[in-house]
Structure formats: C-alpha cells, structure tokens
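# An overview of the molecular structure
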Amino acid sequence: MVPYFSILIMMGFVGILGTAALVMNKIMGPKNFYKDKLSPWECGMPPVGDADRGHFKVHYFLIAILFIVFDVETLFLFPWAVLLADKTISLFIFFEMIIFLVILAVGLAYAWKKGALDWV
Amino acid sequence: MTELTNILPSMATVLQVIMIAVKCVIIAGIVMNLPIILVWLERKVAGHIQQRPGPMRIGPHGLLQSVADGIKLIFKEDIIPSKADKIVFIIAPVIALIPAMTVFVTIPFGDSIMIPYINQEVTLYIADFNVAILFILAVGGISVYGFMLGGWASNSKYALLGSIRAAAQMISYEVAFSFAAIGVVMMTNSLSLVDIVHAQDGWFTNWNILYLPVGPVWFCIFFVAALAELNRIPFDMSEDEGSLAAGYQVEYSGMKFSLFALAEYSAMVSISVLCVIFFFGGWNAPIPGIPIVPPVLWLIGKTFVFIYFFMVIRFTLPRYRYDQLMTIGWKVLIPLSLVMILITGLMRILL
C-alpha cells in the first residue's frame, strides 16, 4: 500500500510547484491590459464571433469510438501476455486470444471498408 | 495505550513514506530542471544542423541562455483573453504538467545502492509497481486533457483546431503505443519495469531489441507511436506553425506557456527512458565486464542518445499531412502490431 502514496506525493509536489510558478508570474508580471491585447489572436485581424466549440468534423468522433474498442482490447491483452510464459496453459490461451484478435480484426476491416479511417 | 499504537502507523512505515517523499522531491527537482539543458541542447542542435552556431552570448557557448529565458518568462505579462473560460484556462497548464511528471514515479534508474556512513540500502526507483506499464499508459492518456482543455478554454479558432487535432492524434497513437508495450510484456512476461530490466540482464544479446526477428519491429512501432504521442516533428500537427500558428498554446503567455513546454520536455525524457528500459536493457552495460561505469550512468547515457535522436529528427524530417498521420496510425501500425502479436506469441510458445 505504501508505494502507492508516492503517486499522491509526486502529484501534490508538482501541482504545488506549478501553481507557485503561476502565482509568481501573476505577482511579478506587468499589468497593462487593454481591449485589443485581450482579444483572441487571429493573425492581426479583428476576430469574428466565437470559436465554434460545439461543432467538429464527425471523423473525430468515429476515431474516439474506435479508440475505446481498441484500448479495451489492449487491456485484455496485458494479463494474457504475462501468463503466456506458463507452459501448461500457454497453447490454450494462445488460440483463445487468436479468436478474440480475429473478431477485432474483422471490426477494423469493416471500419476500413466503410471509410471510417479515410480522412479526406 | 495499546489501541493508540494499533491506530498509528508503525515507525518503519513512517520512515518508508519519508524516504519516498525525499526521492519524489529529488527526482521532480532534477526532471523539472532538465528542460533548462534540453532547450539549450535543442537550439544548439538546430543551429549546427543549419550551419550556424546557435545561442552563444550568455555563458560559455550560450549554456545559461535558457536560465535567462526562464527568468524573463516569469516577468512576462500574464494575459487571459477576454472571451476565455478563465478557470480552465488557468489550470490547464498544471493539468498538462502533473501527468507528465507522475510517470517518473514508476521509472527505475538503477537497482539499489548502499549509502556510506549510514549503512542504509536505497533503491534507485521510487516504487516498484507490479502494474507499472498499465499505470504509465493510463497517466499518458490523462496528459491529453491538459492540451485539450487549454485549447478549448482559449476560445480562439487556432487553439481549438490545435487541441482537437492533438486529442485525435494522441488517442489514435495510444493504441499502437499500448500494442508495442504488449510486445515488450510478451517478450519479458512482466508488467513491472524493474522485472523487465532484470529480464534483459547479462550481455547485450539479451536486450529486447535483439530478440530476433520481432524485437526491432516492435521498437519501430514503439518509436513511431512515441513520436506521435509527444507531438513532435514529423507528427506535430497540433502545433503546426505553418497552418495553425502555435496550435493549442497560441493564447498562452509567460509562465503558463513555459509550463506547457515543461510538460512536453519531461514527456520527452520519460519516453526516452522508456525506450531504453523496454528495448535497450535499462541500466545494464552492453558487456557485463565493465565495472568502472556505474549502472545509473549507463541509463542516463542511453537516454541522452535517444533525446539527441528526437532532436535530430526534428530538424531533418519534414512534417506529414494530417490524413497521412491518421493513415499511418490506423492502417499501418495497428494491423502490423496485430500480426506481430501473433508471431511473438508463436515464438514464445514454440521456443
């Protein structure tokens, strides 16, 4: 249990250091704000409207869904890869994993065929 | 009195926690100051590749240039754009920095040493987790939030495009990155980084890169995916200065900007260390009979070779287009790694 404290200690320490740097900058920096300086940067042109944060290309959404499928797959592969050294079960779990990989490869092939991976 | 001693942690536990805290502070202190040297090195490499001397004015060969830059950045105006989402805009650099540094909790820099005078044996890693690789992948996945929130909160068109690109790119290559990690786990049969290094003890022929024929292919998959995870050339679409100015960090100034840079450089260091631990034998010397050089120096030396390699790549290769980037990730690396898993599995069963 104790080693896991190190994650909390590290996160706390780095968080404090980062915040301290931001606070120092806030105190020491000059404060000469005016309207043009605070407007979003657009190559020197006056910005038109907001950044359209609600809409984006649907491909990004497809990539996110595919990512979830494949990331969960890799999670299943980790314990399998550790157990592969055990000669008593290795042949059995190897062919079991082949079936699992083939199902996912068919999924990837389907997405490929449907054009979910083509960007333009 | 007995009840009180049951509730309170024992003396050994307290000492252990203090030891861990001291190690955390030392490693964080070293890694957070490394960018001072790395920025100087990167500018020198850029200069010499382009046949000019690079920074020369401050200190010998410009060595103190980055110190001066850091001091200057503290005294810069702290601008928050008027349309930005203020709270998210302020905390995004810290969110980017924390995961990049937390990875170092798991990284072993050496086995263990005896400290003279107090006769205490100290391990050269903060903690040996038995799920270290999973932890690194999980924390690496979190680090995309800093870049994404920073770009989104700026409410600027370039920043928004840069952050969406960064998010899609990092999650695409996260899959290939995890597959390469699985390849390493299959070759060494452990998720703990210390055990992975111990599996490569002895001569350099035991290193995973020389686990023929699959080792070099896994290394190529890992290295390409790492380049994309780090948002470095040839895959730095999210801060593509030709089309997006500076991408997600276009609205940031002063210390917030440098915290983003700090996060990127510490991620580069951690990825280089992981390359060494996964494929190049960690702290092992290539030939076991070299006792003069301590193991830690071997690890640091190998790591700096990789950092230098990342820098040379940055100034020699052109940038890919975004659709080419996605094609490499999904249509080349992932099918290739699926095939490599089959080949490696067959080798582990038959040999």
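Located above this text is the structure these notes cover.
### Considerations on the overall build of chain A
Check the secondary structure of chain A and you find four helices and zero strands. Walking chain A from its N terminus toward its C terminus, one meets helices and strands in the order α-α-α-α. Overall, chain A is about 70 × 50 × 20 Å in size when its C-alpha atoms are taken along their principal axes. For chain A, the proportion of its 120 residues judged to be buried stands at 33%. Taking as baseline every contact in chain A between residues at least 6 positions apart, the subset at least 24 positions apart corresponds to 58%. For chain A, the accessible area works out to roughly 7700 Å², and carbon and sulfur atoms hold 76% of it. Placing the 9 positive and 9 negative side-chain charges of chain A at their respective mean positions leaves the two points 10 Å apart.

### Structural notes on helix 5 (residues 132-142) of chain B
Residues of helix 5 of chain B that are buried include every one of Ala132, Ile133, Phe135, Ile136, Leu137 and Val139 of chain B, and no others. Buried residues in helix 5 of chain B make contact with helix 1 (2-28) and helix 3 (58-83) of chain A together with helix 4 (86-102), helix 7 (157-188), helix 8 (193-199) and helix 11 (254-279) of chain B.

### With respect to the pairing of strand 1 (residues 112-115) of chain B
All names here are of chain B. In terms of strand pairing, strand 1 meets strand 2 (residues 120-123) through four bridges, oriented antiparallel. For Ile115, the partnering residue across the bridge sits in strand 2 and is Gln120. Between strand 1 and strand 2, which pair antiparallel in sequence order, lie four residues; one of them, Tyr117, sits at a positive phi of approximately 75 degrees.

### So, the packing of helix 2 (residues 11-49) of chain B against helix 12 (residues 295-314) of chain B
Residue and element names in this part refer to chain B. Two numbers describe how helix 2 lies on helix 12: the axes approach to 10 Å, and their chain directions differ by 45 degrees. Between helix 2 and helix 12, the angle is such that the two are oblique. Here helix 2 runs over helix 12; the crossing is right-handed. Contacts from Leu34, Leu38, Leu41, Glu42, Val45 and Ile49 in helix 2 reach Phe304, Ile307, Tyr308, Met311, Val312 and Arg314 in helix 12. Here the contact of helix 2 with helix 12 is built from residues that sort into 10 nonpolar, no polar and two charged.

### Quick word on the packing of aromatic side chains
Residues and elements named next belong to chain B. Summed over all chains, the structure comprises 26 aromatic pairs over all chains. Measuring from centroid to centroid gives 5.0 Å for Phe177 and Phe222, while their planes differ by 25 degrees, and the two rings are stacked. Remark: Phe222 occurs in helix 9 (residues 214-229) and Phe177 occurs in helix 7; sequence separation between them is 45 residues. Look at Phe222 and you get buried, because its relative accessible area is 0%. Taken together, Phe177, Trp207, Phe219, Phe222, Phe223, Phe278, Phe279, Phe280, Phe306, Phe309 and Phe310 form an aromatic cluster joined through their ring pairs.

About the criteria used
Residues numbered from 1 in each chain as written. Chains lettered and ligands numbered in written order. Predicted model: local features only at pLDDT ≥ 70, side-chain atom pairs only at ≥ 80, totals over all residues. Heavy atoms only, no water. Helix = DSSP H or I, 4+ residues; strand = E, 2+ residues; numbered from the N terminus. Buried < 20%, exposed > 50% of the residue type's maximum accessible area, 1.4 Å probe, protein only. Contact = heavy atoms within 4.5 Å. Areas by Shrake-Rupley, 256 points an atom, 1.4 Å probe, with all protein chains shown as cover. Lys, Arg positive; Asp, Glu negative; His and termini not counted. Charge placed at Lys NZ, Arg CZ, Asp CG, Glu CD. Pairing = 2+ DSSP bridges. Axes fitted to C-alpha atoms, helices over the stretch in contact; angles between N-to-C directions. Parallel < 35°, antiparallel > 145°, perpendicular 65-115°, else oblique. Left-handed = near helix turned anticlockwise from the far one by under 90°. Nonpolar A, V, L, I, M, F, W, Y, C, P; charged D, E, K, R; others polar. Phe/Tyr/Trp six-rings, centres within 6.5 Å; stacked < 30°, edge-to-face > 60°.

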